[in-house]
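Examining the three-dimensional arrangement
Each chain is listed here by its residues.
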Amino acid sequence: MLEATATAAAADQERIVRLARQAQAHAERALERLRDTVRDIHPCELSDLGLIAAVRELAARSPLRVELTSTGDDTQLSSPTATAVYFTVSEALTNISKHAGVGNARIDLRCATTDVHVRVHDDGVGGARIETGSGLAGLRERMRSVGGNLEILSPPGGGTLVVASAPSQPPW
């Protein structure tokens, strides 16, 4: 793209402007993808604020109306455990906004000295299932990697409840 811009410089100023704008748009999209990738690896809110505050930020950024209740102290959570729980909540909210057919969700997050529990619920269409290769299967594996568990209760027409729990410190 930049080479084409340099070549066009000698011939056509209008083409130069168009190519430069395209190059800028490509660079902006690449930078946004890079930011998303970094955020997906480990969100800075999680490191800077802890799990409870990071989930609060996640709920605030969601297009859904999210009711959040949180209790306990998240300072005892290992980074891998906090990350697994954070991404479970993030994926659950994404799935609700995409598939549930409702505009609201409820999160109950409980942090204790020995473990953490989170429940994400909606009153949508239900029917969610953990299938190989799905985002939910990936979340289950992420929770298992820190000694935790993930369950989905989602009868058709009955909403979806995502329940995750893990020890504060992974067993390894």
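Structural notes, computed from the coordinates. If you're wondering where the values come from, they're calculated on a predicted model, not measured in any experiment.

Side note on the nonpolar core
Ranked by internal contacts, the top residues of the largest apolar core, which has 34 residues, are L51, V89, L93, L109, V116, V118 and V120. Elements that contribute at least two residues to this core include exactly α4 (51-61), α5 (79-100), β2 (104-111), β3 (115-122), α6 (135-145), β4 (149-153) and β5 (160-167). Take this core: its biggest share by element is 10 residues, from α5. Sequence-distant contacts of V89, defined by excluding residues within four places in its chain, comprise V55, L58, I107, V118 and V120.

Structural notes on the sheet that holds β2
The sheet built from five strands is open, its strands ordered β1-β2-β3-β5-β4 with mixed pairing. Edge positions in the sheet fall to β1 (65-72) and β4, since each has one partner strand and no second. For this sheet, the mean inter-axis angle between neighbouring strands, taken without regard to orientation, is 10 degrees. Here β3 runs beside β5; their pairing, made up of eight bridges, is antiparallel. What sits directly across from D122, in β5, is T160. Along the sheet, α6 makes contact with β4 and β5, crossing β4 at roughly 150 degrees.

Side note on the pairing of β5
Across five bridges, the pairing between β4 and β5 is antiparallel. Looking across to β5, one finds that I152 is bridged to V162.

Some words on the packing of α5 against α6
Where α5 contacts α6, the two axes come as close as 9 Å, and the packing angle between them is 165 degrees. Taken together, the axis directions place α5 and α6 in an arrangement best described as roughly antiparallel. Crossing angle aside, the handedness with which α5 passes α6 is left-handed. For the pair α5 and α6, contact is made by T83, A84, V85, F87, T88, E91 and N95 and by G135, L136, L139, R142 and M143, respectively. Within the contact of α5 with α6, the residues separate by chemical class into six nonpolar, four polar and two charged.

Overview of the layout of surface pockets
As a volume, the second largest pocket reaches approximately 220 Å³. Lining the second largest pocket are 14 residues; nearest its centre among them are N95, I96, H99, A128 and T160. Broken down by secondary-structure element, the contributors of at least two residues to the lining of the second largest pocket are α5, β3 and β5. No other element matches α5, which puts five residues into the lining of the second largest pocket. Classifying every residue of the lining of the second largest pocket by side-chain character gives nine nonpolar, four polar and one charged.

A look at the environment of V55
Along the chain, the position of V55 falls in helix α4. Residue V55 is classed as buried on the basis of its relative accessible area of 0%. With 34 residues separating them along the chain, V55 and V89 place their C-alpha atoms 7.4 Å apart. Once residues within four sequence positions are removed from consideration, V55 is found in contact with L68, V89, I107 and L109.

Quick notes on the rules
- Residues numbered from 1 in each chain as written.
- Predicted model: local features only at pLDDT ≥ 70, side-chain atom pairs only at ≥ 80, totals over all residues.
- Heavy atoms only, no water.
- Core = buried A, V, L, I, M, F, W, Y, C linked by side-chain atoms within 4.5 Å.
- Buried < 20%, exposed > 50% of the residue type's maximum accessible area, 1.4 Å probe, protein only.
- Helix = DSSP H or I, 4+ residues; strand = E, 2+ residues; numbered from the N terminus.
- Contact = heavy atoms within 4.5 Å.
- Pairing = 2+ DSSP bridges.
- Axes fitted to C-alpha atoms, helices over the stretch in contact; angles between N-to-C directions.
- Parallel < 35°, antiparallel > 145°, perpendicular 65-115°, else oblique.
- Left-handed = near helix turned anticlockwise from the far one by under 90°.
- Nonpolar A, V, L, I, M, F, W, Y, C, P; charged D, E, K, R; others polar.
- 1 Å grid on protein atoms, 1.4 Å probe; cavity = no way out; pocket = protein on both sides within 12 Å on 5 of 7 lines; lining within 4 Å.
- Points joined across faces, edges and corners; volume = space filled by probe spheres on them.

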